[in-house]
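What the coordinates show
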Amino acid sequence: MNIAQGLKEYALTSALRDSRFPPVLHSELQHLICTVSILSEFEDCASYLDWSVGVHGIRIEFHNDRGHPKTATYLPEVCLEMGWSKQETIDSLLRKGGFKSTITDEFRTSIVVKRYRSIKTWASYDEYMVHYQGRYMNGTGDPSCIPRTSGYHHS
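Here is a short report on the structure shown in this document.

Some details on the overall build of the protein
- Within the protein, the regular secondary structure consists of 5 helices and 5 strands.
- Within the protein, the fraction of its 155 residues that count as buried is 24%.
- Within the protein, contacts between residues separated by at least 24 positions form 66% of all contacts whose residues are at least 6 apart in sequence.
- About 10500 Å² of surface is accessible on the protein, with carbon and sulfur atoms providing 56% of the total.

Below, the structure is given as structure tokens:
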């Protein structure tokens, strides 16, 4: 899947089909800020603690209580925003991924952990509309006419 198609698909999934939140209403669009994180530099971790808070996002793979394979991920900023230790982050990810049993150190050492980095960009609805309208007003429908820095912020 190319990045444009992936962004479109995941934006719709996030806005309309994420079971953690009610679907976004049309009346809410003008108040939204859209954030996209591009994940890169995936690396296997030597242990479940082999990553740096605020630097790496982590993705875990494990088998749930019924033996089914599961995954869960947190972006690099989640641990910092929540004030969690590395172990608390891992435990939260296990719960997020559907693990319901007691979490032991033995189980923590059995999970597969990958760390990654992230580049984050965002735009308000108004900023998006300025770029969207500019894209089609020139008659090309070519996204290259959208300025890549104006209205967008990187962290």
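Considering unusual backbone geometry
- A positive phi angle, near 55°, is found at Glu 41, a position not held by glycine.
- Along the polypeptide, Glu 41 turns up in strand S1 (residues 33-44).

A word on helix H3 (residues 86-96)
- Among all positions in H3, only Thr 89, Ile 90, Asp 91, Ser 92, Leu 93 and Leu 94 are buried.
- Tucked inside the fold, the buried residues of H3 contact strand S2 (57-63), strand S3 (69-74), helix H2 (76-82), helix H4 (105-110) and strand S4 (112-124).
- Among the residues trailing H3, Gly 98 stands out with phi positive, at a value near 100°.

Some remarks on helix H1 (residues 3-16)
- Here H1 contains 14 residues, and its C-alpha end-to-end distance of 20 Å stays within 8% of the 20 Å for a straight helix at 1.5 Å per residue.
- Where H1 begins, the capping side chain belongs to Asn 2, and its oxygen is found 3.1 Å from the backbone nitrogen of Ala 4.

Regarding the nonpolar core
- Formed by 18 residues in total, the largest nonpolar core has its most connected members in Ile 60, Phe 62, Ile 90, Leu 94, Ile 111 and Val 113.
- Those elements giving two or more residues to this core turn out to be S2, S3, H2 and H3.
- Residues contacting Val 113, with those up to four places away along its chain left out, are Glu 43, Asp 44, Cys 45, Ser 47, Tyr 48, Ile 58, Arg 59, Ile 60 and Ile 90.

Here we look at the environment of Leu 7
- Along the chain, Leu 7 turns up in helix H1.
- Distance in space between the C-alpha atoms of Leu 7 and Val 36 is 8.3 Å, their sequence separation being 29 residues.

What counts and what doesn't
- Residues numbered from 1 in each chain as written.
- Predicted model: local features only at pLDDT ≥ 70, side-chain atom pairs only at ≥ 80, totals over all residues.
- Heavy atoms only, no water.
- Helix = DSSP H or I, 4+ residues; strand = E, 2+ residues; numbered from the N terminus.
- Buried < 20%, exposed > 50% of the residue type's maximum accessible area, 1.4 Å probe, protein only.
- Contact = heavy atoms within 4.5 Å.
- Areas by Shrake-Rupley, 256 points an atom, 1.4 Å probe, with all protein chains shown as cover.
- Expected span 1.5 Å × (residues − 1).
- Polar contact = N/O pair within 3.5 Å; in protein donor to acceptor, adjacent residues only side chain to side chain.
- Core = buried A, V, L, I, M, F, W, Y, C linked by side-chain atoms within 4.5 Å.

Purely geometric numbers; function is a separate question.
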